[in-house]
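# Breakdown of the fold
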Amino acid sequence: MLGPVLLAAARSDAIRRAVSATPLTRPVVDRFVAGERLDQSLAAVRELTGAGLAVTLDHLGEDVTDKGQVTQARDAYLALLEGLRAEGWGQRAELSLKLSAFGLRLPGGGEEFALRSVEPVLAAAEEAGTMVTLDMEDHTAVDGTLAVLAALRGRFPRTGVAVQSYLFRTEDDCRALAAAGCRVRLVKGAYREPASVAYQDKRQVDLAYVRALRILFTGGAHPMIATHDPRLIAIAEELARRAGRDVDGYEFQMLYGIRTEEQLRLARAGHTMRVYVPYGTDWYGYFMRRLAERPANLGFFARSLLTR
Ligand code: FAD
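Since the model is a prediction, treat every value here as computed from it, not as a measurement.

Another point: the overall build of the chain. Within the chain one finds 13 helices and eight strands. By principal-axis analysis of the C-alpha atoms, the chain measures approximately 55 × 45 × 40 Å. The proportion of buried residues among the 308 residues of the chain is 43%. A separation of at least 24 residues holds for 71% of the contacts in the chain among residues at least 6 apart in sequence.

The following block contains the structure:
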């Protein structure tokens, strides 16, 4: 019951202001977010890569309402790429971004504007020897995100995208993306979606995840298995084996601060294990989605407020 309430709160500006203003939130946010500043995110990446993990860095931001915010998002990513280039991590540190931070939802040609705004970031990523994955947002952004992806892949073929197993459409999307040889991050999905477009039952979402994984492994995709679910990880290992994929033919991904022991175990077993590292001041929406995924996190949050 709590999940939908938290996901609704994730979209509320009033609750955003209240939660962001209290310093008591900070220690709980720190569990999921590497910091507000670039140097803090680079320090986290140093630690993770030192432990044998790969990373994908997300400069937090979404749903911008004017073009000035898009320029800020673009500049933040360009500064990040400068930092990554100096460290020489290459593909071990890729980027993730949300197209709504690049203007996808702006009225009057948001899709074209997002494409033009994000191109300099992809060009800089290529120069730094790395690549970009487009996060997937709620179902109203899927068509636009896939259209921008298709346009970007002409020039930057290693650009990847996330797809969500809770959406009915995703198996078809996986078929098309696999045929195009795309890097595809498969997730369960983190937004509140209506029953007209998405499975509401967790078991159905998990079964759909396995069906989508099969499509990605048997087609020409590079699957990025982004889940903390032990059963799905075991199934993915088996599907990779059956598809004759070596460890360079797929990767596992998990979020910063979640199941860190399992991240290390998979890396030690020889898999590519990529950790999604978010940073920046606009952490509210991301943080609320993490609370919504697991009610126990809310207890942790509430306890930290009460014990102060
Ligand atoms: P679940 O069944 O939710 O969780 C399995 C187990 O993992 C839980 O029992 C628990 O032990 C642990 N766990 C899961 N979540 C948490 C948490 N928040 N706190 C503590 N423990 C937890 N979603 C999108 O909609 N778009 C995206 O672009 C996107 N990108 C992602 C990128 C990565 C690398 C990952 C790992 C996830 C991403 N997600 C994205 C989020 C995803 O959709 C799920 O909401 C999230 O991963 C939880 O689902 P799960 O597969 O881990 O399974």
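It is the contact of helix α6 (residues 110-127) with helix α7 (residues 142-155), at a shortest axis distance of 10 Å, that shows an interaxial angle of 45°. Comparing their axes, α7 and α6 come out oblique. Handedness of the crossing formed by α6 with α7: right-handed. The segment α6 lies against α7, with E111, A114, L115 and L122 engaging G144, A147, V148, A151 and L152. For the contact of α6 with α7, a count of residues per class yields seven nonpolar, one polar and one charged.

Quick look at unusual backbone geometry now. Notably, D63 is not glycine yet its phi reads approximately 50°, a positive angle. The topology assignment puts D63 in the loop between β1 (54-59) and α5 (67-87). According to the C-beta neighbour criterion, D63 is partly exposed, with 16 such atoms within 10 Å. Of note, the phi angle at R259 is positive, near 50°, even though the residue is not glycine. By the element assignment, R259 lies in the loop between β7 (251-255) and α11 (260-268).

On any regular strand, side chains alternate: one points to one face of the sheet, the next to the other face. Within β7, five of the five residues are buried, which leaves the element mostly enclosed by the surrounding structure. In the classification by handedness, the crossover that spans strand β6 (residues 222-226), the intervening helix α10 (residues 230-242) and the parallel β7 is right-handed. The pairing of β7 with strand β8 (residues 273-279) spans four bridges and is parallel. Paired with M254 across the strands is V275, a residue of β8.

Across the chain, the average pLDDT comes to 93, with 95% of residues at or above 70. Scored as a complex, the prediction yields pTM 0.95 and ipTM 0.98.

Among the secondary structure elements, R211 is positioned in helix α9 (residues 202-218). Distance from R211 to E261, taken between C-alpha atoms, is 27 Å for residues 50 residues apart in sequence.

The environment of the ligand is formed by 24 residues, the closest being D135, A162, V187, T227 and H228. At the level of secondary structure, the elements contributing two or more residues to the shell around the ligand comprise β4 (160-164), β5 (183-187), β7 and α12 (284-293). The greatest single-element share of the shell around the ligand, amounting to three residues, is contributed by β7. Of the residues assigned to the shell around the ligand, the class counts are 10 nonpolar, six polar and eight charged. Mapped onto the domain boundaries, the shell around the ligand takes at least three residues apiece from domain 1 (1-33 + 283-308) and domain 2 (37-281).

Looking now at α10. The first and last C-alpha atoms of α10 sit 19 Å apart over 13 residues, in line with the 18 Å expected at 1.5 Å per residue. Two residues or fewer after α10 comes G244, characterised by a positive phi angle close to 70°.

Counting 92 residues, the largest nonpolar core has V55, F102, V161, V184, L186, L216 and V277 as the members making the most contacts within it. A domain split of this core shows at least three residues from each of domain 1 (1-33 + 283-308) and domain 2 (37-281). Residues in contact with L216, not counting those within four places in the same chain, are C174, A178, V184, L186, A221 and P223.

Cut-off values and rules
- Residues numbered from 1 in each chain as written.
- Predicted model: local features only at pLDDT ≥ 70, side-chain atom pairs only at ≥ 80, totals over all residues.
- Helix = DSSP H or I, 4+ residues; strand = E, 2+ residues; numbered from the N terminus.
- Buried ≥ 20, exposed ≤ 12 C-beta atoms within 10 Å, placed from the backbone.
- Contact = placed C-beta atoms within 7 Å.
- Axes fitted to C-alpha atoms, helices over the stretch in contact; angles between N-to-C directions.
- Parallel < 35°, antiparallel > 145°, perpendicular 65-115°, else oblique.
- Left-handed = near helix turned anticlockwise from the far one by under 90°.
- Nonpolar A, V, L, I, M, F, W, Y, C, P; charged D, E, K, R; others polar.
- Right-handed = clockwise from strand over helix to strand, strands pointing away.
- Pairing = 2+ DSSP bridges.
- pLDDT = per-residue confidence, 0-100.
- Near = placed C-beta within 6 Å.
- Domains from an automatic or database assignment.
- Expected span 1.5 Å × (residues − 1).
- Core = buried A, V, L, I, M, F, W, Y, C linked by C-beta atoms within 7 Å.

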